[in-house]
Amino acid sequence: MRTITPFSKGIGLRNEHMDILCQQPANSDIDFLELAPENWMNIGGVKQDALEIIAEKYPLVAHGLSLSIGDAQPLNKEFVKQVGTFLDKFNIEIYSEHLSFSRDSKGYLYDLLPIPRHRENLNYLSGRINAVQDILQRPLVLENISYYYSYPGDIEEAEFFSQLIEKTQCEILLDINNIFVNATNHGYNALEMIKGLPSKAIRYFHIAGHLKQQDNSLLDTHGKAVTVEVIELARHVFDFHGPRPLLLERDHFVPSIEELTQELCQIHQYAMNGNHEQNEIEAYALSSKQHALSDAGIC
């Protein structure tokens with residue numbers, strides 16, 4: 001079994017690719033797979049059999065959707081225990097979630113909403129993070145989300161993360177595309193935000209595509225190829241913080257596994273090596289444009 005190293009690269013486990021991942025030998029271009037534990041816990045039958053086959057070939061990382069660490073409801077400790085059982089069963093070391101909330105008193109909202117980044121919220125959040133870590137006996141790895149609303153009195157996101165890390169020793173899933181989207185939409189410097197995060201706490205990276213809207217704002221969709229600008233930002237992230245495992249997200253309009261891994265390898269190679277010539281990233285830009293035209297039925 002391969003292990004996940006700072007130089008590893010991976011993709012999300014999607015239903016579109018299940019058969020090929022089960023039937024073919026381990027793909028040398030995929031070092032690990034990421035899955036949402038909520039979609040796989042307490043399953044049986046063919047789906048469980050398929051996951052067990054895949055887990056024999058690839059290391060797995062868990063990226064949750066339902067923890068809602070920042071809400072005002074009692075922490076669902078029974079759910080966290082179920083997640084822990086699942087992680088133990090499949091030898092999953094990394095459990096990541098979102099620094100957000102997705103529940104209110106009436107139930108789940110099916111969206112990841114930003115929490116107020118206020119200093120007075122740090123102790124409350126820290127207590128919840130520590131409770132999760134005590135149950136799982138693993139660090140909780142929290143992702144910086146894309147957000148479209150800011151609360152009055154918010155402190156800088158990097159400072160807020162740094163304070164949480166100091167209080168809990170939790171870790172960061174650094175989503176590079178989300179930084180780019182937020183920096184564009186909210187008018188801050190993406191590199192300054194990146195440099196404000198503690199390198200030692202970053203566990204792995206996400207990278208994904210986004211949609212540019214008519215008003216030039218950006219929407220985090222995970223439905224397109226990664227833009228050249230985000231890949232350039234990724235290179236700065238690697239230069240400043242050093243290599244970490246890189247996960248390419250694609251949740252909508254999922255291409256073939258061959259096309260997805262080709263994109264993954266191109267991005268990873270460019271981000272890892274800051275000495276690439278400019279024509280290499282331009283070649284990637286041309287390839288991405290051709291894929292976009294093909295998806296739209298133009299060519």
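Our subject is the structure listed above.
Residues numbered from 1 in each chain as written. Predicted model: local features only at pLDDT ≥ 70, side-chain atom pairs only at ≥ 80, totals over all residues. Heavy atoms only, no water.

Student: Where do I start with unusual backbone geometry in this structure?
Tutor: The phi torsion of most residues other than glycine is negative, and most of the peptide bonds are trans. With a phi angle near 55°, Gln-137 is a residue other than glycine that sits in the positive phi range. Relative to the helices and strands, Gln-137 is located in the loop between α4 (122–136) and β7 (140–143). Note on Gln-137: relative accessible area 64%, which makes it exposed. Not every positive phi belongs to a glycine, and Phe-253 is a case in point at roughly 50°. For Phe-253, the position within the fold is in the loop between β12 (246–248) and α9 (257–272). (Helix = DSSP H or I, 4+ residues; strand = E, 2+ residues; numbered from the N terminus. Buried < 20%, exposed > 50% of the residue type's maximum accessible area, 1.4 Å probe, protein only.)

Student: Quick question: what am I supposed to make of helix α2 (residues 45–57) here?
Tutor: Residues lying three or four places apart along an α-helix face the same way, a consequence of the helix completing one turn every 3.6 residues. Here α2 spans 19 Å end to end across 13 residues, near enough to the 18 Å set by a 1.5 Å rise per residue. Every buried residue of α2 is accounted for by Ala-50, Leu-51, Ile-54, Ala-55 and Lys-57. Projected onto a plane normal to the axis of α2, the buried residues spread over an arc of 150° and lie on a single side. Exposed and oriented more than 90 degrees from the buried face of α2 are Gly-45 and Glu-56. On its buried face, α2 sits against α1 (18–23), β2 (32–35), β3 (60–63) and α3 (77–89). (Expected span 1.5 Å × (residues − 1). Arc of directions from axis to C-beta. Contact = heavy atoms within 4.5 Å.)

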